[in-house]
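Now for the letters of each chain:
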Amino acid sequence: MPEISMRVNGTDRTVRVENRTLLVHALRDGLRLTGTHVGCDTSQCGACTIHVDGAPVKACSMLAVEADGAEVETIEGQAMSDGSLNTIQQAFQDHHGLQCGFCTPGMVMATAALLRENPKPGDAEIRHALKGNICRCTGYQGIVNAILAASGQPVPAAMDSEPAPVAAE
Amino acid sequence: MLDGGIGTATKRREDVRFLMGRGKYTDDHTPAGTCYAAFARSDMAHGRIVSIDAAAAEGMPGVLAVFTGADFADVGSNPAGWLINSRDGTPMYEPKRPVLAHGKVRHVGDAYAAVIAETREQAMDAVEALEVEIEPLDAVVDMAAALADGDNRVHDDLPGNQCFDWGWIEDNREATAAAIEAAPHVTTLELVNNRLVPNAIEPRCSIGEYDPGTGDYKLTTTSQNPHLTRLLISAFVLGIPENKLTVIGPDVGGGFGSKIYHYGEEALVLSAAKRLGRPVKWTATRSEAFLTDAHGRDHVTRIELACETDGTFIAFRTETMANVGAYLSNFSTATPTFLHGTLMAGNYTVPNVYVNVKAVFTNTAPVDAYRGAGRPEATYSLERVIDKCARELGIDPIAIRRKNFIQPDQYPYASAAGLEYDSGNYDALMDVLERRADLAGFEGRRAESERRGKLRGLGINSYIEACGIAPSNLVGQLGSRVGLYDAATVRVNATGNISVMVGAHSHGQGHETAFPQIVADMLGVDPATIEIVHGDTSKIPFGMGTYGSRSLAVCGSAVHRATEKVIVKARKIAAHMMSVSADDVDFADGQFSVPGTNKFVAWGDVALKAYIPHDFPLEEIEPGLEETAFYDPANFTYPSGAYACEVEVDPETGVVDVVSMVAADDFGNVVNPLIVTGQVQGGLAQGIGQALLEQTTYDADGQLLSASYMDYAMPRADDLPTLVVDHSSVTECTHNPLGVKGCGEAGAIGSPPTVVNAVIDALARGGHDVAHIDMPLTPVRVWTALQQA
Ligand code: FES
Ligand code: FES
């Protein structure tokens with residue numbers, strides 16, 4: 001079995017894989033980074049979205065051996081250095097951008113890539129950019145609102161009778 | 001209102017771990033020594049198993065064991081939870097549902113063997129090496145053909161493939177027929193409620209463990225209701241005593257019904273763990289999820305609406321064929337009957353209702369409750385035929401509904417379909433809707449669309465649902481084999497913080513945030529000091545889990561009751577500490593005091609005292625501060641709503657664009673508005689998906705053609721408009737202590753007819769007289785309808 005080396009969330013890691021092992025399984029099973037999820041077997045759902053050498057990649061669509069020598073970022077490396085949520089993560093919590101949380105790591109990674117490309121995306125641009133990420137829980141409204149907020153843009157009021165969200169306990 | 005208490009839009013505390021990638025879903029658990037299961041699944045819809053030769057597979061690298069149906073021939077059957085009797089009084093046909101298919105395979109994906117190996121890949125390779133002979137049989141796929149064909153049988157001893165022929169309410173059959181016969185106007189509609197695949201984004205996964213030292217089993221599994229799963233395995237399938245089996249539903253990535261049920265894979269990993277003495281894990285691929293998760297809906301219905309020429313409703317009558325697939329999944333017999341027929345009076349004062357449902361076995365995956373479960377089917381039939389009727393009579397769709405609404409002074413209202421609605425105000429909801437959806441401005445928007453060559457339509461809908469799926473007394477009369485209460489234990493720890501063990505399971509609903517709001521509100525303490533424990537049968541009281549919008553209404557009420565008991569006990573302790581009678585003690589804002597004196601003790605002091613009872617009068621006060629309540633309500637809850645949707649149809653292509661969707665719901669009191677809004681938005685997306693995109697297609701041979709995300713159209717972000725949700729119109733539930741009704745399914749119930757009504761309206765305004773188009777309203781279906789009218 002080949003051994004591959006990657007820089008994962010800023011740390012050099014090596015892992016043994018079979019030639020057929022997908023990158024997502026190398027991360028989950030080999031490195032125990034289980035924040036990256038598997039939701040499908042046709043590279044459609046986006047639950048496995050990570051960054052490889054700075055670009056968003058569906059980790060189920062790439063062999064682990066192809067990532068030998070690469071710089072990999074996963075959800076586990078996204079928080080601020082003091083351990084608090086980063087801007088995108090915080091916006092997802094503030095705007096109820098997740099329910100079951102299963103699509104969420106992929107959504108956060110896809111959002112990070114989107115905002116690097118387009119720091120102030122409009123509603124339609126956000127929805128278009130999320131085409132490769134399926135969420136079955138939220139109806140996407142909370143996610144779109146979170147991305148607007150994370151990029152410093154106003155968020156549509158959910159309802160005029162609704163009190164403003166307060167901080168989590 | 002306590003800050004952070006009931007009614008506060010508290011951000012969800014569980015989000016932090018999910019956003020950090022620290023959620024712990026079933027597949028994230030890999031106990032030391034884990035080996036892996038893979039299943040051999042039928043690639044034909046119907047066949048007789050002639051032989052399975054496992055010799056080659058057993059010799060493959062890493063293979064530890066092979067199981068076939070024969071290994072489970074002597075264990076029990078996975079049962080249907082509700083017994084339904086046919087109109088003639090005969091009980092439904094209930095086939096055995098084995099752990100692994102034995103004798104026959106009955107749908108594509110039916111598992112007939114399993115291989116356990118050191119790695120997942122080795123197990124999958126060995127499945128390929130099984131030498132299997134299956135003699136193909138003709139597949140039973142179409143429901144009408146299944147009923148008509150006495151020879152072609154899903155189950156060999158059931159000619160005609162009919163599970164039951166149910167009438168509701170049978171005594172109303174003749175009166176309803178006579179009322180329709182005599183009515184001045186009858187509108188008839190035939191429609192299909194399309195079959196859906198639930199598609200929680202986390203595929204099912206199960207890990208079985210066995211401790212040979214103690215004889216204890218542990219099942220970690222993607223479950224919405226660990227106690228129900230344990231009960232089914234213990235009492236029906238494997239006979240493992242409940243006190244030797246722990247079932248854990250850890251973080252679960254969505255359910256929507258599909259993870260209510262016990263599946264054979266769970267029994268397999270437990271049995272294999274015992275045989276091998278090692279943890280055994282199985283994780284479904286998405287392909288397996290499509291083939292084997294219980295599907296939803298799949299009704300074919302003919303509905304008649306009889307009314308006066310002014311639109312006053314006289315009678316509703318439906319005839320439905322409901323597909324149950326190849327085996328009866330746990331709730332499959334309740335879904336098309338008591339969760340469907342009982343709602344067929346809708347929000348209306350109609351005097352006559354009769355519902356007939358024939359449940360049909362086919363060589364397809366089992367069909368069971370999916371978000372809404374029966375109630376979306378009822379609402380769709382009713383609200384589509386009402387729209388057609390309004391069009392025929394030239395009455396405004398809002399006016400015809402308002403004309404027939406049950407009025408606020410009529411509650412409690414005994415509906416013609418056998419339920420007693422406790423509260424509601426449907427005109428008030430319609431008022432909110434008219435304002436929030438700016439219906440007055442529709443004509444201007446339509447004219448603007450027209451200038452761009454688009455047909456704009458407005459769809460209106462009102463719905464009622466029965467939620468808080470519970471009252472044991474009522475469901476027992478309706479055929480349920482289980483009780484449907486829930487339970488909670490409130491444990492005040494010595495230093496004053498609180499653990500609340502609940503029977504409900506959170507897989508997106510936000511219980512870890514919302515339940516503490518209830519307890520905090522009642523005790524006047526900081527919600528941050530309250531933790532929710534759920535999902536582990538070894539830690540929580542026996543509750544029935546999460547489905548049917550029941551968590552808050554039933555389990556939340558149990559939390560309320562248990563907290564009340566805690567207050568009673570704490571008051572006694574406080575009285576003892578202040579040397580007064582408990583009757584003289586007031587409790588407010590986390591402090592016990594004696595009015596008119598300066599005596600008080602704080603919450604924390606009472607908690608500590610409960611565990612340091614040096615001077616307790618032990619015959620009057622036991623040490624400790626922990627109480628359990630089982631809550632079984634008196635009735636269902638009845639959330640209701642009014643929805644509006646605007647669509648633009650491109651007459652050149654038939655493409656439908658949903659440009660607005662507004663939901664006005666009455667959920668009773670709202671504990672956390674942020675979470676409620678999210679629940680409705682999620683339901684709306686699923687409903688719009690059903691209306692426009694999602695279609696489960698089997699071909700005539702029973703092959704599932706829509707078996708991946710390449711072929712099954714899931715709603716994506718750019719398929720959906722901004723989802724506007726308003727739950728400001730409140731009538732409290734009259735019989736639970738929180739006055740809450742439940743919100744989880746509303747969006748999926750209310751939205752499909754709203755969307756279809758809007759498309760039909762758009763076509764009509766464009767001069768196309770189209771009575772109906774079946775869901776999903778794909779471009780080709782809409783375009784075809786446009787060409788024909
Ligand atoms: S698991 Fe990679 S896209 Fe679905
Ligand atoms: S939050 Fe559950 S799939 Fe997106």
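Residue numbers restart at each chain and count upward from 1, following the sequence in its written direction. For this description, chains carry letters from A and ligands carry numbers from 1, given in the order in which they are written. Given that this is a predicted model, residues contribute local features only at a pLDDT of at least 70 and side-chain atom pairs are listed and counted only at 80 or more, while totals for whole chains, interfaces and linings are drawn from all residues. To obtain the side-chain values, all non-hydrogen atoms of the structure were included, while hydrogens and water were left out.

Topic: helix 9 (residues 375-393) of chain B
All names here are of chain B.
Turning to step 1, where the next piece is worked out: Strands here are runs of E lasting at least two residues and helices are runs of H or I lasting at least four, both read from the DSSP assignment and numbered beginning at the N terminus. Each residue after the first adds 1.5 Å to the expected span of a helix. Taking 1.5 Å of rise per residue, 19 residues should cover 27 Å, and helix 9 covers 27 Å from first to last C-alpha, within 8% of that figure.
Turning to step 2, where the next piece is worked out: Any residue under 20% of the maximum accessible area for its type is buried, any over 50% is exposed, and the rest in between are partly exposed; the area is computed with a 1.4 Å probe on protein chains only. Across the 19 residues of helix 9, 16 count as buried, placing the element largely inside the fold.
Turning to step 3, where the next piece is worked out: Immediately beyond the C-terminal end of helix 9, within one or two residues, lies Gly-394, with a positive phi of roughly 70°.

Considerations on the pattern of salt bridges
When the charged atoms of two side chains lie near each other, side chains of opposite charge can form a pair.
Turning to step 1, where the next piece is worked out: Think of a salt bridge as a Lys or Arg side-chain nitrogen and an Asp or Glu carboxyl oxygen that are within 4 Å of each other. Under the counting rule described, the total for this entry stands at 59 salt bridges over all chains.
Turning to step 2, where the next piece is worked out: Here Asp29(A) ties to Arg120(B) by a salt bridge, and the two come within 2.8 Å at their closest N and O atoms. Separated into two different chains, Asp29(A) in helix 1 (residues 23-30) and Arg120(B) in helix 3 (residues 120-128) make up a pair that spans both.
Turning to step 3, where the next piece is worked out: Overlapping salt bridges, with partners in common, bring together Asp438(B), Arg445(B), Glu448(B), Arg452(B), Arg456(B), Glu646(B) and Glu648(B) in one network.

Topic: the pairing of strand 3 (residues 49-52) of chain A
Residues and elements named next belong to chain A.
Turning to step 1, where the next piece is worked out: The alternating pattern of strand 3 places Thr-49 and His-51 on one face and Ile-50 and Val-52 on the opposite face, and all of these are buried.
Turning to step 2, where the next piece is worked out: Pairing between strands is defined by DSSP: at least two bridges between them are needed. Both strand 3 and strand 4 (residues 55-58) contribute to a ladder of four bridges, which runs antiparallel. Paired with Thr-49 across the two strands is Lys-58, which belongs to strand 4.
Turning to step 3, where the next piece is worked out: Counting the residues that bridge the hairpin from strand 3 to strand 4 gives two residues, and of these Asp-53 lies at a positive phi of roughly 50°.
Turning to step 4, where the next piece is worked out: Relative to strand 5 (residues 71-73), strand 3 is paired through two bridges, and the arrangement is antiparallel. Pairing of Val-52 across the sheet is with Val-72, part of strand 5.

Focus: the interface of chain B and chain A
Turning to step 1, where the next piece is worked out: Of the residues lining the interface, 72 residues belong to chain B; the matching set on chain A comes to 62 residues.
Turning to step 2, where the next piece is worked out: Buried area: the accessible area, evaluated with a 1.4 Å probe, that two parts lose upon being put together, summed over both parts. For the pair chain B and chain A, the two sides together bury roughly 5400 Å², of which 55% comes from carbon and sulfur.
Turning to step 3, where the next piece is worked out: By the criterion of area lost to chain A, the three top residues of chain B are Lys11(B), Leu19(B) and Ile201(B), representing 15% of everything that side buries.
Turning to step 4, where the next piece is worked out: The interface formed by chain B and chain A contains seven salt bridges.
Turning to step 5, where the next piece is worked out: We note a salt bridge from Lys11(B) to Asp94(A), for which the minimum N-O separation is 2.9 Å.
Turning to step 6, where the next piece is worked out: Here a polar contact is recorded for every N or O atom pair within 3.5 Å, except that within protein the pair must consist of a potential hydrogen donor and a potential acceptor, and residues adjacent in sequence are included only if both atoms are side-chain atoms. Linking chain B with chain A are 29 residue pairs in polar contact (both at pLDDT 80 or more).
Turning to step 7, where the next piece is worked out: Among the secondary structure elements, those contributing two or more residues to the side of chain B that touches chain A are helix 1 (15-19), helix 3, helix 8 (286-292), helix 11 (426-436), helix 17 (673-692) and strand 28 (723-726) of chain B.
Turning to step 8, where the next piece is worked out: In terms of residue count, helix 17 of chain B provides more of the side of chain B that touches chain A than any other element does, ten residues in total. In this description, contact between two residues means that some pair of their heavy atoms is separated by no more than 4.5 Å.

A look at the sheet that holds strand 19 (residues 486-492) of chain B
Residues and elements named next belong to chain B.
Turning to step 1, where the next piece is worked out: Spatially, the four strands line up as an open sheet ordered 21-20-19-25, and their pairing is mixed. Looking at strand neighbours, the two that pair on one side only are strand 21 (530-533) and strand 25 (626-631), the edges of this open sheet. Averaged over all pairs of adjacent strands, the angle between strand axes in this sheet comes to 15°, irrespective of strand direction.
Turning to step 2, where the next piece is worked out: The sheet contacts of helix 15 (residues 551-578) involve strand 19, strand 20 (498-502) and strand 25, and relative to strand 25 the element is tilted by about 145°. Angles shown run from 0 to 180 degrees and are taken between the N-to-C directions of axes, each axis being a line fitted to C-alpha atoms and, for helices, limited to the stretch in contact.

Re the sheet that holds strand 11 (residues 245-248) of chain B
Residues and elements named next belong to chain B.
Turning to step 1, where the next piece is worked out: Here seven strands make up an open sheet; going across it, the order is 3-5-1-12-9-10-11 and the pairing mixed. The sheet terminates laterally at strand 3 (63-68) and strand 11, the two strands that pair on one side only. Across this sheet, the average inter-strand angle for adjacent strands is 20°, counted without regard to direction.
Turning to step 2, where the next piece is worked out: Bridge count for strand 3 against strand 5 (residues 111-117) is five bridges, and the pairing is antiparallel. Bridge assignment links Val-66 to a residue of strand 5, and that residue is Val-115.
Turning to step 3, where the next piece is worked out: Against the sheet, helix 6 (residues 226-237) engages strand 10 (216-221) and strand 11, with an angle of about 145° to strand 11.

Observations concerning the domain arrangement of chain A
All names here are of chain A.
Turning to step 1, where the next piece is worked out: Note: domain ranges come from an automatic or database domain assignment. If you check the domain split of chain A, you get domain 1 (3-77) and domain 2 (87-156).
Turning to step 2, where the next piece is worked out: Distance between the C-alpha centres of domain 1 and domain 2: 22 Å.
Turning to step 3, where the next piece is worked out: Taking both partners together, domain 1 and domain 2 bury about 1200 Å²; carbon and sulfur atoms supply 61% of that area.
Turning to step 4, where the next piece is worked out: On the domain 1 side of the contact with domain 2, His-37, His-51 and Ile-75 bury the most area, a combined 42% of that side's loss.
Turning to step 5, where the next piece is worked out: Run the count over domain 1 and domain 2 and you get zero salt bridges.
Turning to step 6, where the next piece is worked out: Between domain 1 and domain 2 we count nine residue pairs in polar contact (both at pLDDT 80 or more) in total.
Turning to step 7, where the next piece is worked out: Listed by contribution, the elements that provide at least two residues to the side of domain 1 that touches domain 2 are strand 3 and strand 4.
Turning to step 8, where the next piece is worked out: Per-element tally for the side of domain 1 that touches domain 2: the top contributor is strand 3, with three residues.
Turning to step 9, where the next piece is worked out: The nonpolar class holds Ala, Val, Leu, Ile, Met, Phe, Trp, Tyr, Cys and Pro. Asp, Glu, Lys and Arg form the charged class, and all remaining residues, Gly among them, are polar. Considering only residue class, the side of domain 1 that touches domain 2 consists of six nonpolar, nine polar and two charged.

Some remarks on the domain arrangement of chain B
Accessible area lost when the parts come together is the quantity often used to give the size of an interface.
All names here are of chain B.
Turning to step 1, where the next piece is worked out: According to the domain assignment, chain B contains domain 1 (17-137 + 204-283), domain 2 (299-470 + 635-788) and domain 3 (485-631).
Turning to step 2, where the next piece is worked out: Every contact between the two is made by 22 residues of domain 2 and, on the other side, 18 residues of domain 3.
Turning to step 3, where the next piece is worked out: Between domain 2 and domain 3, roughly 1500 Å² of surface is buried when both sides are summed, and carbon and sulfur atoms account for 64% of that area.
Turning to step 4, where the next piece is worked out: Counting across the interface, domain 2 meets domain 3 through zero salt bridges.
Turning to step 5, where the next piece is worked out: At the junction of domain 2 with domain 3, the criterion picks out seven residue pairs in polar contact (both at pLDDT 80 or more).
Turning to step 6, where the next piece is worked out: Residues of the side of domain 2 that touches domain 3, tallied by class, amount to ten nonpolar, eight polar and four charged.

Regarding the packing of aromatic side chains
All names here are of chain B.
Turning to step 1, where the next piece is worked out: Planes of paired rings set the category: under 30 degrees apart is stacked, over 60 is edge-to-face and the rest tilted, where pairs are Phe, Tyr or Trp rings (Trp by its six-membered ring) whose centres lie within 6.5 Å. Taken as a whole, this structure holds 27 aromatic pairs over all chains when the rule is applied.
Turning to step 2, where the next piece is worked out: Each ring, one from Phe-39 and one from Trp-282, has its centre 5.6 Å from the other, and the planes form 85°; the classification is edge-to-face. One end of the pair, Phe-39, is in strand 1 (residues 35-41); the other, Trp-282, is in strand 12 (residues 280-283), and 243 residues separate them in sequence. Like Trp-282, Phe-39 is buried.
Turning to step 3, where the next piece is worked out: Pairing Phe-587 with Phe-592 gives two aromatic rings, centres 4.3 Å apart and planes at 20°, and the pair type is stacked. Phe-592 matches Phe-587 in its accessibility class, with the two residues each being buried.
Turning to step 4, where the next piece is worked out: Joined through ring pairs, the aromatic side chains of Phe-313, Phe-316, Tyr-348, Phe-405, Tyr-411 and Tyr-426 make up one cluster.
Turning to step 5, where the next piece is worked out: The positively charged end of Arg-204 is found above the aromatic ring belonging to Tyr-263, 3.5 Å away from the centroid. Should the NZ of a Lys or the CZ of an Arg lie within 6 Å of a ring centre and within 35 degrees of the ring normal, that charge is described as sitting over the ring.

Some details on helix 10 (residues 397-404) of chain B
All names here are of chain B.
Turning to step 1, where the next piece is worked out: Along helix 10, the residues classified as buried are Ile-398, Ile-400, Arg-401 and Asn-404. The buried side chains of helix 10 occupy one side of the element, clustering within an arc of 165° when seen end-on.
Turning to step 2, where the next piece is worked out: The inward-facing, buried residues of helix 10 contact strand 14 (313-325), helix 9, helix 11, strand 18 (455-464) and helix 18 (746-765). The arc refers to the directions leading from the helix axis to the C-beta atoms.

Section: the nonpolar core
Turning to step 1, where the next piece is worked out: Buried residues of nine kinds, namely Ala, Val, Leu, Ile, Met, Phe, Trp, Tyr and Cys, make up a nonpolar core once their side-chain atoms join them within 4.5 Å. If you look at the biggest cluster of nonpolar residues, it comprises 202 residues, and the most contacted ones within it are Phe92(A), Tyr421(B) and Val649(B).
Turning to step 2, where the next piece is worked out: Looking at this core, the element that brings in the most residues is helix 18 of chain B, giving nine residues.
Turning to step 3, where the next piece is worked out: With residues up to four places along the chain from it excluded, the contact list for Phe92(A) reads Gly97(A), Leu98(A), Met107(A), Val108(A), Thr111(A), Ile143(A), Ala146(A), Ile147(A), Asp15(B) and Leu19(B).
Turning to step 4, where the next piece is worked out: Ranked by size, the runner-up nonpolar core spans 49 residues in total, among them Ala575(B), Trp603(B), Phe616(B) and Val740(B).

Looking at the confidence of the model for chain A
Turning to step 1, where the next piece is worked out: The pLDDT score gives, residue by residue, the confidence of the prediction method on a 0 to 100 scale. Confidence in the prediction for chain A averages 93 pLDDT; 93% of positions are at 70 or higher.
Turning to step 2, where the next piece is worked out: When the criterion is pLDDT under 50, residues 159-163 of chain A qualifies, and its contacts beyond four places in sequence or with other chains add up to 18 contacts.

Some thoughts on unusual backbone geometry
Residue and element names in this part refer to chain B.
Turning to step 1, where the next piece is worked out: The step from Trp-168 to Ile-169 runs through a cis peptide bond, and the omega angle for that step is -10°.
Turning to step 2, where the next piece is worked out: A positive phi is found at Phe-256, a non-glycine position, where the angle reads about 60°.
Turning to step 3, where the next piece is worked out: The residue Phe-256 is located in the loop between strand 11 and helix 7 (264-276) in this model.
Turning to step 4, where the next piece is worked out: Accessibility expressed as a relative area gives 13% for Phe-256, which makes it buried.

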